[in-house]
Every structure is written in C-alpha cells, then in structure tokens.
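# Residue-level structure breakdown
Here is what each chain is made of, one letter per residue.
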Amino acid sequence: MESKRQQKFAGVIQEDLAAIFQREGMNYLPNTLVTITKVRVTPDLAIARVFLSFFNNSNVAQALHTVKSHASEIRYKLGARIKDQVRIIPQLEFFVDDTNEYVERMDKIFDKISKEERQPDSE
C-alpha cells in the first residue's frame with residue numbers, strides 16, 4: 001500500500017512526464033502516441049516505475065526499448081521541471097502497460113461464451 005506522499009509524488013511525476021512525452025515524444029517515437037498510464041514510486045522516492053501505453057505502433061517492444069534508451073535524457077528533462085519540488089530526481093524504470101490488451105482479450109472470451117448455445121439445466 002502506497003503512502004499519501006508516494007501517491008502525491010507519483011502524480012507529479014505522471015503529469016510532468018506526460019507533458020514531456022506530449023511535447024517531445026515525436027523525437028523519440030515518430031507517429032506514436034505515448035501515454036503514461038500509471039506511476040509507482042518506492043517508499044524512499046528514489047525509483048519511479050512508469051507504465052506506458054503505446055498507440056499507433058505495431059512493435060511495442062521496440063518502442064519500449066527506444067524509450068529506455070532515452071531514459072537519462074527524459075530523467076534530465078523531468079529534473080528540470082520538478083527540481084524545486086523534490087530533493088532527488090528518481091531513477092526511471094519503464095514498463096509496458098498491457099491492461100488494454102488484457103481487456104480486449106477478455107471481451108473476446110466473453111463474446112465467445114455468450115454466443116455459445118446454453119445447455120438446458122438438468123434437474
């Protein structure tokens with residue numbers, strides 16, 4: 001369970017990273033929309049785990065690798081934005097948020113189940 005402090009700090013990081021990706025995301029990944037779906041921060045606020053979702057991109061693994069390769073540059077830009085609010089700028093760890101894929105897969109399964117003929121109850 002995250003503390004209020006962690007949640008607040010994660011919210012600040014999420015907002016600022018979203019602004020960075022909105023402004024400069026095209027430099028890293030042209031024609032791809034990157035959204036920050038979730039940020040989790042360790043209790044000491046030293047590591048931020050950032051969950052990303054990529055739209056209009058067929059190779060998610062390559063997109064994640066590209067973002068990870070620019071992690072130090074992204075951290076520097078984040079630091080410039082939040083330097084007056086924090087003592088240390090957290091290390092950024094990027095992960096793919098596959099929630100949308102999971103939801104789509106579950107919807108397909110439920111559709112398949114609902115289309116199957118129901119067996120009459122035997123009593």
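Up top is the structure.
Notes on the structure follow. Every value quoted in this text rests on a predicted model; they were computed, and no experiment measured them. (Residues numbered from 1 in each chain as written. Predicted model: local features only at pLDDT ≥ 70, side-chain atom pairs only at ≥ 80, totals over all residues. Heavy atoms only, no water.)

### As for the sheet that holds strand 1 (residues 33–41)
Across the sheet, three strands lie side by side as 1-2-3; this open sheet has mixed pairing. Pairing within the sheet leaves two strands with one partner each, and these edge strands are strand 1 and strand 3 (91–96). Strand-to-strand twist across the sheet, computed as the mean angle between neighbouring axes with direction ignored, equals 30°. Bridging between strand 1 and strand 2 (residues 47–55) involves eight bridges; their strand directions are antiparallel. Looking at the pairing, R40 lines up with R49 of strand 2. Strand contacts of helix 1 (residues 4–28): strand 1, strand 2 and strand 3, with the helix running at about 160° to strand 1, the strand carrying the most contacts. (Pairing = 2+ DSSP bridges. Helix = DSSP H or I, 4+ residues; strand = E, 2+ residues; numbered from the N terminus. Axes fitted to C-alpha atoms, helices over the stretch in contact; angles between N-to-C directions. Contact = heavy atoms within 4.5 Å.)

### So, the nonpolar core
By size, the foremost hydrophobic cluster in this structure holds 27 residues, and its most contacted members are L17, F21, L52 and F94. Taken together, the elements giving at least two residues each to this core come down to helix 1, strand 1, strand 2, helix 2 (60–69), helix 3 (71–82) and strand 3. Counting residues per element, this core draws most heavily on helix 1, at seven residues. Setting aside residues up to four positions removed in sequence, L52 forms contacts with F21, V34, T35, I36, T37, L64, V67, F94, F95, V96 and D97. (Core = buried A, V, L, I, M, F, W, Y, C linked by side-chain atoms within 4.5 Å. Buried < 20%, exposed > 50% of the residue type's maximum accessible area, 1.4 Å probe, protein only.)

### Re the pattern of salt bridges
Tallying each qualifying case throughout the model produces five salt bridges. Among the salt bridges present, the one from E24 reaches K77, with a minimum N-O distance of 2.2 Å. Placement of the pair is E24 in helix 1 and K77 in helix 3, with a sequence separation of 53 residues. Owing to a relative accessible area of 24%, E24 belongs among the partly exposed residues under this scheme. One salt-bridge network, held together by shared partners, links E24, E73 and K77. (Salt bridge = Lys/Arg side-chain N within 4 Å of Asp/Glu carboxyl O.)

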